[in-house]
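Letter by letter, the chains look like this.
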Amino acid sequence: MNQAIVQHILEATNRNCIAEKGLRGPTKKFEEKDVMCFIAAIVRICGKRMETITEYFKDQPSQSFGKNRFENFRKFLDFDCDQLLQIFNENLANLVSVGGHSSVDESMWRFYGE
């Protein structure tokens, strides 16, 4: 997970949380580790089907990110898809560099012949 993406999600979620303060938001601001714990919980939930959300948190060794914190984060989760895509594209552009010599395989071109 890229640091810029985590920071964007964290800032947008905390901003949303402050805006909704009258709706009994969490008592403390979310931190970077909360974003990572939330993503880990989502991966766990996607990988193993259970009846209720509570079942995923029953055997948690650490209660630093328990069911209530998960629910609060999910409730206030906010981000700008366009900005996330821009960050993702910039990171992808940094990973790929086309040199002075590029080769194209014939299988990469669509064939319109007989």
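Structure first, text after, so check above.
Cut-offs used in this document
Residues numbered from 1 in each chain as written. Predicted model: local features only at pLDDT ≥ 70, side-chain atom pairs only at ≥ 80, totals over all residues. Heavy atoms only, no water. Helix = DSSP H or I, 4+ residues; strand = E, 2+ residues; numbered from the N terminus. Buried < 20%, exposed > 50% of the residue type's maximum accessible area, 1.4 Å probe, protein only. Contact = heavy atoms within 4.5 Å. Arc of directions from axis to C-beta. Expected span 1.5 Å × (residues − 1). Polar contact = N/O pair within 3.5 Å; in protein donor to acceptor, adjacent residues only side chain to side chain. Salt bridge = Lys/Arg side-chain N within 4 Å of Asp/Glu carboxyl O.

*Asks:* Help me get a handle on the environment of Phe-79, residues and values and all.
*Replies:* Among the secondary structure elements, Phe-79 is positioned in the loop between helix H4 (67-76) and helix H5 (81-95). When its relative accessible area of 35% is taken as the criterion, Phe-79 is described as partly exposed. In this structure, the C-alpha to C-alpha distance between Phe-79 and Ile-5, residues 74 residues apart in sequence, is 9.5 Å. Dropping the residues within four chain positions of it, Phe-79 is found in contact with His-8, Ile-9, Ala-12 and Leu-84.

*Asks:* A description of H4 should follow, citing residues and the corresponding values.
*Replies:* Within the span of H4, buried status applies to Arg-69, Phe-70, Phe-73 and Phe-76. Within H4, the buried residues cover an arc of 145 degrees as seen down the axis, which keeps them to one side. In this structure, the buried residues of H4 make contact with helix H1 (3-19), helix H2 (32-47) and helix H3 (53-56).

*Asks:* Could you give an account of H5, naming the residues involved and the relevant values?
*Replies:* Between its first and last C-alpha atoms H5 spans 21 Å; for 15 residues at 1.5 Å apiece the expected length is 21 Å, and the two agree. Capping the start of H5 is the job of one residue whose side-chain oxygen sits 3.2 Å from the backbone nitrogen of Asp-82: Asp-80.

*Asks:* Could you give an account of the side chain of Thr-13, with specific residues and numbers?
*Replies:* Residue position: Thr-13 is located in helix H1. We classify Thr-13 as buried; its relative accessible area is 0%. Once residues lying within four places of it in the same chain are set aside, the contact partners of Thr-13 are Phe-30, Phe-73, Phe-76, Leu-77 and Asp-78.

*Asks:* Before we move on, could you go through the pattern of salt bridges and cite the residues and values that matter?
*Replies:* The final tally for this structure, using the stated rule, is 2 salt bridges. Between Arg-69 and Asp-34 there is a salt bridge, with its nearest N and O atoms 2.8 Å apart. Here Asp-34 lies in helix H2 and Arg-69 lies in helix H4, a separation of 35 residues in the sequence. Here Glu-71 and Arg-74 are joined by a salt bridge, their closest N and O atoms 2.9 Å apart. Remark: Arg-74 and Glu-71 occur in helix H4; sequence separation between them is 3 residues, near one turn of the helix. Since its relative accessible area comes to 23%, Glu-71 is described here as partly exposed. Taking the relative accessible area as the measure of exposure, Arg-74 reaches 43% and is therefore partly exposed.

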